[in-house]
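# Examining the three-dimensional arrangement
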Amino acid sequence: PTVLRHYGFGNVAGQVSIGGVPLSGVNWSDGIITGTVPGGAATGQLTVTTAAGESAPGGVTVTVGPLPSRMSVIPVLPSADPLATPIQDAIDIARPQDIIMLAPGTYNEMVLMYKPVRLQGSGAGTVISAIKAPGEKLAAWRSAVEALYNQGAYDLLPSQEAGFTIADEPDALFTEEGAGIIVLGKQGNAPGTFGRHASRIDGLSITGADHSGGIVVNGYADNLQMSNNRIYGNHGIYGGGIRVGHPFLTVDNLEYQDGFNDNITIRNNLIAQNGAGLGAGGGVSLYHGTDGYTVAENYICGNFTMGEGGGIGHYGLSGGIQGNSVNAGVIADNTIIFNQSFNQGVPV
């Protein structure tokens, strides 16, 4: 309340580009910028840089057409019905690689992303609120998780229990319940799997998850891109902001379970004020089998964990692809500030 802030672009023109290619015919004012995508530009990051040289963390990915005939764009609008699931309805009818365009507004749902689609928000004003209210919301989520599993829409990891029948605390996906978005893939590299198709979560605000975190990548989600999102005000047992894989699943009590999440990209996100109970990482949590990941150009601020690694935690074995250590995970060019790890009973 005592700091004057300016949220406009400024009256002196700066630069606007998509994937590093400047827009043509730019008309710049403090409140709005218009321009034309030049011929030859490809799908990429929209970056607005002011005359003072400042660029905000995040933005959106702009898809430049024409699209292949096998891809569709599915427009989605928010609903005033607290139990409506317009994003889920769009995923259910989508084909792999389809772009699901989310208009600005608040979507009161907990999304099951079980297909390699492209969830594309409009920026910070496109909000997924994972608050579990009314009470029927969690019951509907559990029913949908079970129904999709029975249909063979996704695979659980070998060490995960498929117990859906316990009313109060089902065994299946218990520490993953009610994430803002949970990504559930199928093993293998057949058509329709994440390993065969491009997928992304981009241009969204995700908040309100209180048990599993903002985005949870369960398993078999190769090549998933999470970019330009604002992930704030979430809590999870094993990670508050973005969590990839699992810290404590074991195989025959001998070794930890690989999550089979290769080539994950986490880029240009604002990840702030999230909290975690255990594991590693209040903001970003990378667990076993997150091979060849890229975590770059994120703004990670004010996250908290009672485990290890307040901002980013890497727990377990995540090497290169096919044993190539050169392709091991990269964490680079992030701003990681004011995060905290504290547990009075544990020497973290």
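Check the entry above for the structure.
A quick note: this is a predicted structure, and the numbers were derived from the prediction, not measured.

Conventions used here
Residues numbered from 1 in each chain as written. Predicted model: local features only at pLDDT ≥ 70, side-chain atom pairs only at ≥ 80, totals over all residues. Heavy atoms only, no water. Pairing = 2+ DSSP bridges. Helix = DSSP H or I, 4+ residues; strand = E, 2+ residues; numbered from the N terminus. Axes fitted to C-alpha atoms, helices over the stretch in contact; angles between N-to-C directions. Contact = heavy atoms within 4.5 Å. Buried < 20%, exposed > 50% of the residue type's maximum accessible area, 1.4 Å probe, protein only. Polar contact = N/O pair within 3.5 Å; in protein donor to acceptor, adjacent residues only side chain to side chain. Core = buried A, V, L, I, M, F, W, Y, C linked by side-chain atoms within 4.5 Å. Salt bridge = Lys/Arg side-chain N within 4 Å of Asp/Glu carboxyl O. Phe/Tyr/Trp six-rings, centres within 6.5 Å; stacked < 30°, edge-to-face > 60°.

Strand order in the open sheet made by the eight strands is β7-β8-β11-β14-β17-β23-β27-β31, with parallel pairing throughout. In this open sheet, the two edge strands, each paired with only one partner strand, are β7 (73-76) and β31 (330-332). On average, adjacent strands in this sheet sit at an angle of 10 degrees to one another, irrespective of strand direction. With three bridges connecting them, strand β27 (residues 294-296) and β31 associate as parallel partners. Bridge pairing in β31 links Ala 296 to Ala 332. Running over the sheet, helix α1 (residues 86-93) touches β7, β8 (99-102) and β11 (118-120) and is turned about 160 degrees from β7.

So, about the sheet that holds strand β15 (residues 205-207). With respect to topology, seven strands assemble into an open sheet ordered β9-β12-β15-β18-β24-β28-β32, the strand pairing being parallel. Sheet topology places β9 (105-107) and β32 (335-337) at the edges, where each strand pairs with a single neighbour. Across the sheet, the mean angle from the axis of one strand to that of its neighbour is 10 degrees, orientation sign disregarded. Two elements, β15 and strand β18 (residues 230-232), share two bridges in a ladder whose sense is parallel. Looking across to β18, one finds that Ser 205 is bridged to Arg 230.

With that settled, consider α1. Among all positions of α1, only Pro 86, Ile 87, Gln 88, Ala 90 and Ile 91 are buried. If you follow the buried residues of α1, they end up packed against β7, β8, β9, β10 (111-113), β11 and β12 (126-129).

Another point: the pairing of strand β16 (residues 215-219). For a regular strand, side chains alternate in direction, first toward one face of the sheet and then toward the other. Counting buried positions along β16 gives five out of five residues, so the element sits mostly inside the fold. Relative to β16, strand β13 (residues 181-184) runs parallel, the two being bridged by four bridges. Residue pairing in the sheet places Ile 182 in a bridge with Val 216 of β16.

Take Asn 334: it is sitting in the loop between β31 and β32. From its side chain, Asn 334 meets the backbone oxygen of Val 295 in a polar contact 3.1 Å long. Contact partners of Asn 334, with chain neighbours within four places excluded, come to Val 295, Ala 296, Glu 297 and Asn 298.

Attention shifts here to the nonpolar core. Counting residues in hydrophobic clusters, the biggest one holds 57 residues, and the most contacted among them are Ile 100, Ile 181, Ile 201 and Met 226. Dropping the residues within four chain positions of it, Ile 181 is found in contact with Val 111, Met 113, Leu 119, Ile 128, Ile 201, Leu 204, Ile 206, Gly 214, Ile 215 and Val 216.

Attention now moves to the pattern of salt bridges. Taken as a whole and judged by the stated rule, the model has six salt bridges. Taking the shortest distance from any N to any O, the salt bridge between Arg 95 and Asp 98 comes out at 3.9 Å. On the basis of relative accessible area, Arg 95 is assigned to the partly exposed category, the value being 39%. Glu 176 serves as the salt-bridge partner of Arg 243, at 2.7 Å between the closest nitrogen and oxygen. Note that Arg 243 is positioned in strand β20 (residues 242-244) and Glu 176 in the loop between α2 (136-150) and β13, a separation of 67 residues in sequence. By the burial criterion, Arg 243 is buried, and Glu 176 matches it.

Let's shift gears to the packing of aromatic side chains. This model, assessed by the stated rule, comprises seven aromatic pairs. Their ring planes at 80 degrees and their centres at 5.7 Å tell us that Phe 248 and Tyr 315 sit as a pair that is edge-to-face. On the criterion of sequence distance, the pair formed by Phe 248 in the loop between β20 and β21 (250-251) and Tyr 315 in the loop between β30 (312-314) and β31 is long-range, its members being 67 residues apart. Owing to a relative accessible area of 23%, Tyr 315 belongs among the partly exposed residues under this scheme. Through a chain of ring-to-ring contacts, three or more aromatic side chains come together here, namely Tyr 238, Phe 248, Tyr 287 and Tyr 315.

Cis geometry is found at the peptide bond from Gly 65 to Pro 66, where omega equals 0 degrees. By the secondary structure assignment, Pro 66 is in the loop between β6 (60-62) and β7. Here the residue pair Ala 133 and Pro 134 is connected by a cis peptide bond, since its omega of 0 degrees sits within 30 degrees of zero. If you check the backbone angles, Leu 173 has positive phi at about 55 degrees while not being a glycine. As for its position among the elements, Leu 173 is in the loop between α2 and β13. Its identity as a non-glycine residue notwithstanding, Phe 338 has a phi of 55 degrees, on the positive side. Positionally, Phe 338 belongs in the loop between β32 and β33 (340-341).

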